[in-house]
Amino acid sequence: MKYQPRVLIVEDESAIAELIAVNLRHNGFQPTWAEDGASAQRELDAVLPDVILLDWMLPGQSGVSLARKWRGDARTKAIPILMLTARGDEPDKVAGLDAGADDYITKPFSTQELLARIRAVLRRRAPEQVSDSVTIGELTLDAGTYRVTFQGAPLKVGPTEFKLLHYLMKHAERVHSRSQLLDKVWGDHVFIEERTVDVHVKRLREALGVAATMLETVRGAGYRITAQPQVSIQA
Ligand code: CA
C-alpha cells in the first residue's frame, strides 16, 4: 500500500476539523485532530506527523506561538507547518511565516486548494528529510540527521545556517549572489534585506571554525563553497 502521510490538524472548531479530516482521508492521508496546543503537543510527543495544519486562532496558545515553539524544537523543526488564517488577516500571514510556518491558507478554502498546498509543502520539504548527505572536501552535511561534520568532528550549526550551508554545498564551486541565496534558501514568501545573508554567512563561518576558509566571499559577486579554498580569506 502507498504510504499515507500523517497530517496533524490543530483546530478548535470541530466542524472544520472534521471536514478537513474526512477530505484528507479520502485523498490518501492519515489525519489526526487536536483541538488545542496542549493536545497537539501530546500528539507530537507520541508520533511525528508529516505535516501540521495549524489554525491561527486557538484557545490558550495561539497558532503563531505554537509554530514558533515547534520550529525551535529539534524534534519538530523540520515538520512543514501550514497555517489556517481568516480572510483579510494580512499581518497575521506575515507573522505566521516569520514564526516559521511554511505556507498559509485562508478560510474558507476548497479541498482541492488545501490538498495542493499540503502536497506542495511536502514536496518542498521532502529533499531535506530523506537521507541526503553531501560531502565537499572533508566537510559533510547530512540533511537526514541534521548533522554537519568536518574531518569527522561534529559542528554546531543553527537552522538557517544549516539551510544556507546545505544549498551552497549542493551547488558547490559556483558563486551565488545574495539575492539568489535569499530566493533559494529563505524562499519567496519572505521579505528581507540582502544584508541578512551576510549576517548568516558570518554566523556560518563561526560555526565552521577551521573549515570556514571553504566558504569564500567573491568580491562583488557573492559566496561559494569550494573544496580548494584560497589561502587567505576576506571576511
Ligand atoms: Ca479557531
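Residues numbered from 1 in each chain as written. Predicted model: local features only at pLDDT ≥ 70, side-chain atom pairs only at ≥ 80, totals over all residues. Heavy atoms only, no water.

Overview of the pattern of salt bridges
Think of it this way: side chains of opposite charge can pair up when their charged atoms draw near. For the structure on display, the rule yields 10 salt bridges. Where Asp-102 meets Arg-71, a salt bridge forms, and the shortest distance between an N and an O atom there is 2.7 Å. You can see Asp-102 sitting in the loop between α4 (90-98) and β5 (103-107) and its partner Arg-71 sitting in helix α3 (residues 63-71), a full 31 residues away along the chain. As far as the burial class goes, Asp-102 and Arg-71 line up, both buried. For Glu-206, the salt bridge identified is with Lys-202, shortest N-O distance 3.3 Å. In this pair, Glu-206 and Lys-202 are both assigned in helix α8 (residues 195-208), 4 residues apart and thus about one turn of the helix distant. Just as Glu-206 is exposed, Lys-202 falls in that class too. Each of the salt bridges in this network shares a partner with another, and the network as a whole consists of Glu-11, Glu-13, Asp-55 and Lys-107. (Salt bridge = Lys/Arg side-chain N within 4 Å of Asp/Glu carboxyl O. Helix = DSSP H or I, 4+ residues; strand = E, 2+ residues; numbered from the N terminus. Buried < 20%, exposed > 50% of the residue type's maximum accessible area, 1.4 Å probe, protein only.)

With respect to the sheet that holds strand β9 (residues 153-155)
Within a sheet, each strand pairs with its neighbour through backbone hydrogen bonds, oriented either parallel or antiparallel. Spatial ordering of the open sheet is given by β6-β7-β8-β9, a layout of 4 strands whose pairing is antiparallel. Looking at the sheet topology across the chains shown, the edges are occupied by β6 (133-136) and β9. Averaged over all pairs of adjacent strands, the angle between strand axes in this sheet comes to 25°, irrespective of strand direction. Together, β6, β7 (139-142) and β8 (147-150) form the strand contacts of helix α6 (residues 159-170), whose direction differs from that of β7 by roughly 115°. (Pairing = 2+ DSSP bridges. Axes fitted to C-alpha atoms, helices over the stretch in contact; angles between N-to-C directions. Contact = heavy atoms within 4.5 Å.)

Here's the deal with the domain arrangement of the chain
Split into domains, the chain comes out as domain 1 (6-125) and domain 2 (133-225). Distance from the C-alpha centre of domain 1 to the C-alpha centre of domain 2: 29 Å. (Domains from an automatic or database assignment.)

Description of the coordination of the calcium ion
Here the calcium ion is held by Asp-12 (OD), Asp-55 (OD) and Met-57 (O), and the distances to it run 2.1 to 2.3 Å. Spacing between the donor residues of the calcium ion along their common chain follows D-x42-D-x1-M. On the criterion of sequence distance, the pair formed by Asp-12 in the loop between β1 (6-10) and α1 (14-26) and Asp-55 in strand β3 (residues 51-55) is long-range, its members being 43 residues apart. What makes Asp-12 partly exposed here is its relative accessible area of 31%. Using a relative accessible area of 2% as the deciding quantity, one classes Asp-55 as buried. (Donors = N, O, S within 2.8 Å, 3.2 Å for Na, K, Ca; no water.)

Focus: the sheet that holds strand β4 (residues 81-86)
Strand order in the open sheet formed by 5 strands is β2-β1-β3-β4-β5, and the pairing between neighbours is parallel. At either end of the open sheet lies a strand with only one pairing partner, and these are β2 (30-34) and β5. Taking the axes of each pair of neighbouring strands and ignoring which way they run, one obtains an average angle of 20° across the sheet. Where β1 meets β3, 4 bridges bridge the pair, whose relative direction is parallel. Paired with Leu-8 across the bridge in β3 is Ile-52.

Focus on the packing of helix α2 (residues 37-46) against α3
Between α2 and α3, whose axes approach to 11 Å, the crossing angle comes to 25°. Comparing their axes, α3 and α2 come out roughly parallel. Taken as a pair, α2 and α3 cross one another with a handedness that is right-handed. When α2 is examined against α3, the residues Gly-37, Ala-40, Gln-41 and Leu-44 are found in contact with a partner set consisting of Leu-66, Lys-69 and Trp-70. (Parallel < 35°, antiparallel > 145°, perpendicular 65-115°, else oblique. Left-handed = near helix turned anticlockwise from the far one by under 90°.)

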